[in-house]
Amino acid sequence: MEKVDLKINPKKIIIPVIIIAVIALLAFNAFTVVDAGHTGVVVTLGKVNEGTLQEGMHFKIPFIQEVVKIDNRIQKIEVNTEAFSKDLQSVKTVLAINYRVDTAKSDSIYKNIGANYEDVLVTPAVNEVLKAITATYTAEESVTNRQLISDGLVSGLNEKLNDIGLYVTDVNIIDFDFSEAFISAIEEKQVAQQKLLKAKTDKQTAITNAEAEAEAAKIKAEGEAEANKTLSKSLTSEVIENKKIEKWNGKLPQVSSNGGTIIDIGSTTEDK
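Residues numbered from 1 in each chain as written. Predicted model: local features only at pLDDT ≥ 70, side-chain atom pairs only at ≥ 80, totals over all residues. Heavy atoms only, no water.

Student: Please explain the nonpolar core as it appears in this structure.
Tutor: Nonpolar side chains in soluble globular proteins tend to end up buried together. Among the nonpolar cores identified, the biggest contains 35 residues, and Leu95, Ile97, Ile149, Leu153, Leu157, Leu166 and Val171 are the most heavily contacted of them. With eight residues, the single largest contributor to this core is helix H3 (residues 117–134). Sequence-distant contacts of Val171, defined by excluding residues within four places in its chain, comprise Leu95, Ala96, Ile97, Ser150, Leu153, Val154 and Leu157. (Core = buried A, V, L, I, M, F, W, Y, C linked by side-chain atoms within 4.5 Å. Buried < 20%, exposed > 50% of the residue type's maximum accessible area, 1.4 Å probe, protein only. Helix = DSSP H or I, 4+ residues; strand = E, 2+ residues; numbered from the N terminus. Contact = heavy atoms within 4.5 Å.)

Structural data, given as structure tokens:
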């Protein structure tokens, strides 16, 4: 009876496994997925290809091509910077900048600037434009014109960055910080203005009260004059005589002569 050789040749197993692994690896590296809100920049052996890959799955040459993902959604950067106002006050500013990368220019931005375009372009542009705008306002005007400064920053930044492919959508001024001396001066000015306003208010109140009292006195005097006028018209000679009779107590007046003798005007010779 012949013996059966049960030994398995390792080469018959290892080689197919290696081939399958290589194929799987090549297949895995032959495709890339560009996420929503991104574009893919294709780099072939270190050279940036023209054009970009849009959202979805794409084929690439394994181990030869690389796809760099560029985020084209609105991104936020916070910038802390310092500038000088028109009246040479130091103004420390915290800004929140919203910007996005143009999908059509993702490849040129990566080629000419690289992936760190935020540090290379956006932040320096913010500092430059803010310094130019802040210099046109006094420190106090900067506080009261925040919206104008924000609008000016949006306009100035887009003027510098749009040609490159970066678009600023919004700028928010989170904080303005001034020196302690300037803040104290502003507080003293506000207190002085409040005192002046109170003094003006008190003066106006006094004037109003005086005018009201004068008007009341005038009305009262006019009323009394009108009453006297009406009364004088109604006092005829008969009314006056009647008033005299109503007030007479029934006694005639007595007259003192030079000798001291009191003469009763009401007595007659017949009484004597």
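Back to the write-up after that little detour.
Student: When you look at the packing of H3 against helix H5 (residues 146–161) in this model, what are you seeing that I'm missing?
Tutor: When two helices pack together, their arrangement is given by the angle between the helix axes and by the axis-to-axis distance. The contact between H3 and H5 brings their axes to 9 Å, and the two run at 130 degrees. Between H3 and H5, the angle falls in the class oblique. Both H3 and H5 take part in a crossing whose hand is right-handed. Contact residues: H3 offers Leu121, Ala125, Val126, Glu128, Val129, Leu130 and Ile133, while H5 offers Ile149, Gly152, Leu153, Gly156, Leu157, Lys160 and Leu161. (Axes fitted to C-alpha atoms, helices over the stretch in contact; angles between N-to-C directions. Parallel < 35°, antiparallel > 145°, perpendicular 65-115°, else oblique. Left-handed = near helix turned anticlockwise from the far one by under 90°.)

Student: Got a minute to help me understand the pattern of salt bridges in this structure?
Tutor: Should their charged atoms come close, side chains of opposite charge can pair. On inspection of all chains with the given rule, the structure shows two salt bridges. Two residues, Asp71 and Arg73, come together in a salt bridge whose shortest N-O distance is 3.0 Å. What makes Arg73 partly exposed here is its relative accessible area of 46%. In this structure, Lys160 engages Glu128 in a salt bridge whose closest nitrogen and oxygen atoms are separated by 3.3 Å. Taken together, the residues span a long stretch of sequence, with Lys160 in helix H5 and Glu128 in helix H3 at a distance of 32 residues. Here Lys160 falls in the partly exposed class, since its relative accessible area comes to 38%. Taking the relative accessible area as the measure of exposure, Glu128 reaches 46% and is therefore partly exposed. (Salt bridge = Lys/Arg side-chain N within 4 Å of Asp/Glu carboxyl O.)

Student: I would appreciate a short explanation of the sheet that holds strand E2 (residues 38–44) in the present structure.
Tutor: In sheet architecture, strand pairing relies on hydrogen bonds along the backbone and comes in two forms, parallel and antiparallel. Taken in spatial order, the three strands make up an open sheet running E3-E2-E5, and their pairing is antiparallel. Of all the strands in the sheet, just strand E3 (47–48) and strand E5 (65–71) have a single pairing partner and so form its edges. One ladder, built from two bridges, connects E2 with E3; its direction is antiparallel. Following the sheet pairing, Thr44 is matched in E3 by Lys47. (Pairing = 2+ DSSP bridges.)

Student: It is not clear to me how the pairing of E5 should be interpreted in this structure. Could you clarify?
Tutor: Along a regular strand, successive side chains alternate from one face of the sheet to the other. The element E5 is extensively covered by neighbouring structure, given that five of its seven residues are classed as buried. In this sheet, E5 lies alongside E2 in antiparallel orientation, the contact comprising seven bridges. Considered in E5, the bridge of Gly40 is made with Lys69.

Student: Mind showing me how you'd approach the packing of aromatic side chains here?
Tutor: Geometrically, a pair of aromatic rings is defined through the distance of the ring centres and the angle of the planes. Taken as a whole and assessed by the stated rule, the structure comprises one aromatic pair. Between the aromatic rings of Phe31 and Phe59, the centroid separation amounts to 5.8 Å while the plane-to-plane angle is 75 degrees, which identifies the pairing as edge-to-face. Remark: Phe59 occurs in strand E4 (residues 56–59) and Phe31 occurs in strand E1 (residues 31–34); sequence separation between them is 28 residues. Assessed through its relative accessible area of 44%, Phe31 is described here as partly exposed. Given the relative accessible area of 56%, Phe59 is considered exposed. (Phe/Tyr/Trp six-rings, centres within 6.5 Å; stacked < 30°, edge-to-face > 60°.)

Student: Help me understand the environment of Leu130, please; the structure alone is not making it clear to me.
Tutor: In this structure, Leu130 sits in helix H3. Taking relative accessible area as the criterion, Leu130 reaches 1% and is therefore assigned buried. Along the backbone, Leu130 and Leu153 are 23 residues apart, and their C-alpha atoms lie at a distance of 6.5 Å.

Student: Help me out: how do you make sense of the sheet that holds strand E8 (residues 166–177) in this one?
Tutor: The sheet built from three strands is open, its strands ordered E6-E7-E8 with antiparallel pairing. Lying at the two open borders of the sheet, with one neighbouring strand each, are strand E6 (75–84) and E8. Mean inter-strand twist for the sheet, computed between neighbouring axes without regard to direction, equals 25 degrees. Pairing of E6 with strand E7 (residues 90–101) involves 10 bridges; the strand directions are antiparallel. Paired with Glu78 across the strands is Ala96, a residue of E7. In this fold H3 packs onto E6, E7 and E8, with an angle of close to 40 degrees to the strand it touches most, E6. Contacting E7 and E8, H5 crosses the sheet at an angle of about 145 degrees to E8.

Student: In this structure, what is going on with the environment of Lys86? I would like to understand it.
Tutor: Its place among the elements puts Lys86 in the loop between E6 and E7. Accessibility expressed as a relative area gives 56% for Lys86, which makes it exposed. A sequence separation of 52 residues divides Lys86 from Thr138, and the C-alpha atoms of the two residues are 4.6 Å apart. Excluding residues that lie within four positions of it along the chain, Lys86 makes contacts with Thr134, Ala135, Thr136, Tyr137 and Thr138.

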